[in-house]
Amino acid sequence: MDLGAVAFPDLYNAVNKGKISEQVVDRSVRHALYAKFAAGLFDQPYANPLGSSILDNPTHRALARTVAQESIVLLKNDNDLLPMDITKLRSVAIIGPNGNAPENQIGGYTQEGAHVVTPLEGISNYASQHGVTVRYAQGCFIMNNSLSILDQAVTLASQSDAVILVVGDNQDTCQESWGGRTGDRTDLDLPGGQLDLVEAILKTGKPTVVVLINGRPATFGTKNKNSLLNSIQALLVAWRCGEEGGNALADIIFGNTSPSGKLISSWPFSVGQIGGPAQPYYTKYRQYDGRTYTFEPSTPLFPFGFGLSYTTFRYSGLSISPSQINSNQSVTIRVTVQNTGKKTGGEVVQLYVADVLASVVRYKKQLFGFQKIFLEPGQQTVVTFSLAASELAFYNSYMQLVVEPGQFDVWVGPDCQSGLSSSFQVLANAANVLQEESVY
């Protein structure tokens, strides 16, 4: 698809000059037309006018709230600042440019129309039921470094019992650059005046929960080695939390729901780590072992799959059966997970596998499966994964799809750097080559 409609004139000229055959164009057009016929666009070219009456109904909004709740990731919770006890508060300050910016919760290429509950609205709705006053100050801007409205936010924070500081990015800082439109960035620090805002609010000494509404990992002042992160007691990542994001945040912050989201990528210490030793584990190769940086750590700010809860989980009894398989067989991996805390919570149990020795460089760890479970306090369950040897296949230097014999290490845990480990063996046999012919 040519989004900018700039390729078609060149395509027309290329066909006329014989650089591209009409058959190639016909084949591509055929694919597009097939999809349109399959979707019924030629039978009913206009949308069903009744469709709008069933969109955004209570069932949809309830689902949106659940999705937002389970997507929010708790990255820090020093001294168990969260969940906050609403009965011990008289006033809450919502501060930050994303505290009341509905467009930043739904992201770009999104149709406007549905009412978006912002953090200000969601927390105000909940707090009003308990007689708690909620006030708002923007504090700074995302697209420029002006601090002209910072003092107002600091004053409001100082006069409140607790602060919900909602920062992050917007579409303009998180888009592709094309056609003269800016979009690419050279760092991952919170843009605009947000680092100054976070630092100023934290200096008030008020209990502060930092919430990120964003579409990418964030850093907290890489010139100062992310030292600002050390001062943040509680850090939540809400992403593009959608139309019910504000209500979902209130549910999490005040303990109606325990956070259970996990990071879908490692968060780098700085952009300099991207592509190096601290790159996300699903693309981290073994040749990087032992390499590091001169002035920065080789570990990420937060690892792939990481996310805290208001409760705790214990992993035990990891087993792999059988311990040896042929390339046409499977292993069964089991682990017991117990909720050892005092609150009901969800946990994403993650399975990672590594090929210890292969003919080409393989991943250091690769995610092969995950399951989300919900447990009451004290409850435990056995989580089971089935892993076929064929899932371990890769293309060797001859571009054959093969399962090479050898040892495979296994990890099961709450993220890519924690949990229990074991191993199994794949034996050599005639079925190790799954595809003889080259893919070219």
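Small disclaimer: the values here were computed from a predicted structure and weren't measured. (Residues numbered from 1 in each chain as written. Predicted model: local features only at pLDDT ≥ 70, side-chain atom pairs only at ≥ 80, totals over all residues. Heavy atoms only, no water.)

Undergrad: Looking at this structure, I do not really get the overall build of the protein. What am I missing?
TA: Across its full length, the protein holds ten helices and 17 strands. Taken along its principal axes, the extent of the C-alpha atoms in the protein is 75 × 65 × 55 Å. Out of the 440 residues in the protein, the part that is buried amounts to 46%. Long-range pairs, those at least 24 residues apart, make up 75% of the contacts in the protein between residues at least 6 apart in sequence. If you sum the accessible surface of the protein, you get close to 22600 Å²; carbon and sulfur atoms cover 52% of it. Distance from the positive charge centre (31 side chains) to the negative charge centre (37 side chains) of the protein: 5 Å. (Helix = DSSP H or I, 4+ residues; strand = E, 2+ residues; numbered from the N terminus. Buried < 20%, exposed > 50% of the residue type's maximum accessible area, 1.4 Å probe, protein only. Contact = heavy atoms within 4.5 Å. Areas by Shrake-Rupley, 256 points an atom, 1.4 Å probe, with all protein chains shown as cover. Lys, Arg positive; Asp, Glu negative; His and termini not counted. Charge placed at Lys NZ, Arg CZ, Asp CG, Glu CD.)

Undergrad: For this particular structure, what's the right way to read the packing of aromatic side chains?
TA: Aromatic ring pairs are reported here in terms of the distance separating the ring centres and the angle at which the planes meet. Considering all chains together, one arrives at seven aromatic pairs under this definition. Ring plane angle 15° and centroid distance 5.2 Å describe the contact between Y126 and F254, whose orientation is recorded as stacked. A residue pair is termed long-range when its members are at least 10 positions apart, and Y126 in helix α6 (residues 119-128) and F254 in the loop between α10 (245-253) and β7 (313-321) qualify at 128 residues. We note that Y126, like F254, is buried. Here F304 and Y352 contribute two aromatic rings whose centre-to-centre distance is 6.3 Å and whose plane-to-plane angle is 80°, an arrangement assigned as edge-to-face. In this pair, F304 is assigned in the loop between α10 and β7 and Y352 in strand β10 (residues 345-355), connecting sequence segments 48 residues apart. Judged by its relative accessible area of 9%, F304 is buried. These aromatic residues form a ring-pair network of at least three members: W239, W267, F302 and F306. We note K365 situated over the ring of W411; from NZ or CZ to the ring centre the distance is 4.6 Å. (Phe/Tyr/Trp six-rings, centres within 6.5 Å; stacked < 30°, edge-to-face > 60°. Lys NZ or Arg CZ within 6 Å of the ring centre and 35° of its normal.)

Undergrad: Would you explain the environment of N432 in this entry?
TA: Within the element layout of this structure, N432 appears in the loop between β16 (420-426) and β17 (433-435). Residue classification places N432 among the buried positions, given a relative accessible area of 9%. It is 39 Å that separates the C-alpha atoms of N432 and F374, two residues lying 58 residues apart in sequence. Setting aside residues up to four positions removed in sequence, N432 forms contacts with S327, L401, V402, V403, E404, P405, V426 and L427.

Undergrad: Please clarify how the pattern of salt bridges should be interpreted in this entry.
TA: Opposite charge on two side chains allows them to pair when their charged atoms are near. Under the defined criterion, the tally for this structure stands at eleven salt bridges. Here D161 ties to R90 by a salt bridge, and the two come within 3.6 Å at their closest N and O atoms. Of this pair, D161 sits in the loop between α7 (150-158) and β4 (162-168) while R90 sits in the loop between β1 (73-77) and β2 (91-95), and the two are 71 residues apart along the sequence. Between D187 and R185 there is a salt bridge; the shortest N-O distance is 3.9 Å. Note on R185: relative accessible area 27%, which makes it partly exposed. Sharing partners across several salt bridges, the network here consists of D56, R61, E243 and E244. (Salt bridge = Lys/Arg side-chain N within 4 Å of Asp/Glu carboxyl O.)

Undergrad: Sorry if this is basic, but what is going on with the environment of A389 here?
TA: As for its placement among the helices and strands, A389 is situated in the loop between β12 (380-388) and β13 (394-395). Along the sequence, A389 and N326 sit 63 residues apart, while their C-alpha atoms lie 7.4 Å from each other. Contact partners of A389, with chain neighbours within four places excluded, come to I325, N326, S327, Q329, S330 and V403.

Undergrad: What's the story with the side chain of S160 in this structure? I'm lost.
TA: Mapped onto the elements of the fold, S160 is located in the loop between α7 and β4. Exposure remark for S160: the relative accessible area of 1% places this residue in the buried category. One polar contact links the side chain of S160 to the main-chain carbonyl oxygen of L156, over a distance of 2.8 Å. The contact partners of S160, leaving out residues within four places of it in the chain, are S91, V92, A93, R135 and K206. (Polar contact = N/O pair within 3.5 Å; in protein donor to acceptor, adjacent residues only side chain to side chain.)

Undergrad: Can you walk me through the sheet that holds strand β11 (residues 366-375) in this structure?
TA: To summarise the sheet geometry, strands pair through backbone hydrogen bonds and adopt either a parallel or an antiparallel arrangement. Taken in spatial order, the five strands make up an open sheet running β8-β16-β15-β10-β11, and their pairing is mixed. Only two strands of the sheet have a single partner each, and these edge strands are β8 (324-325) and β11. In terms of strand pairing, β10 meets strand β15 (residues 406-413) through six bridges, oriented antiparallel. Counted as the bridge partner of Y352 is W411 from β15. (Pairing = 2+ DSSP bridges.)

Undergrad: I'm lost on unusual backbone geometry in this one. Help?
TA: Backbone torsion omega between L82 and P83 reads -5°, so that peptide bond is classified as cis. Mapped onto the fold, P83 is located in the loop between β1 and β2. Residue P322 is bonded to the preceding S321 through a cis peptide linkage, with omega at -10°. Residues other than glycine seldom take positive phi values, yet D80 does so here, at roughly 50°. Its location among the elements puts D80 in the loop between β1 and β2. The exposed category is assigned to D80, whose relative accessible area is 60%.

Undergrad: Got a minute to help me understand the sheet that holds strand β5 (residues 208-213) in this structure?
TA: Strand order in the open sheet formed by six strands is β1-β6-β5-β4-β2-β3, with mixed pairing between adjacent strands. Each of the sheet's edge strands pairs with one partner strand only, and the pair in question is β1 and β3 (133-137). This sheet shows a mean twist of 20° between the axes of neighbouring strands, independent of strand direction. Here β2 pairs with β3 via five bridges, running parallel. Bridge pairing in β3 links I95 to A137. Sitting on the sheet, α7 is in contact with β2, β3 and β4, with an inclination near 155° to β2. Packed onto the sheet, helix α8 (residues 194-202) meets β2, β4 and β5 and runs at close to 170° relative to β4. (Axes fitted to C-alpha atoms, helices over the stretch in contact; angles between N-to-C directions.)

Undergrad: Can you walk me through the nonpolar core in this structure?
TA: Generally speaking, a soluble globular protein has its nonpolar side chains buried in company with each other. Ranked by internal contacts, the top residues of the largest apolar core, which has 35 residues, are I95 and W267. Contributing elements (two or more residues each) for this core: β1, β2, α7, β4, α8, β5, α9 (227-231) and β6 (234-237). Per-element accounting of this core gives the leading share, five residues, to α8. The contacts of W267, once residues within four sequence positions are left out, are L75, L212, N214, R216, P217, A218, V237, W239, P300, L301 and F302. In this structure, I86, L89, I213 and A238 belong to the second largest nonpolar core, which totals 33 residues. (Core = buried A, V, L, I, M, F, W, Y, C linked by side-chain atoms within 4.5 Å.)

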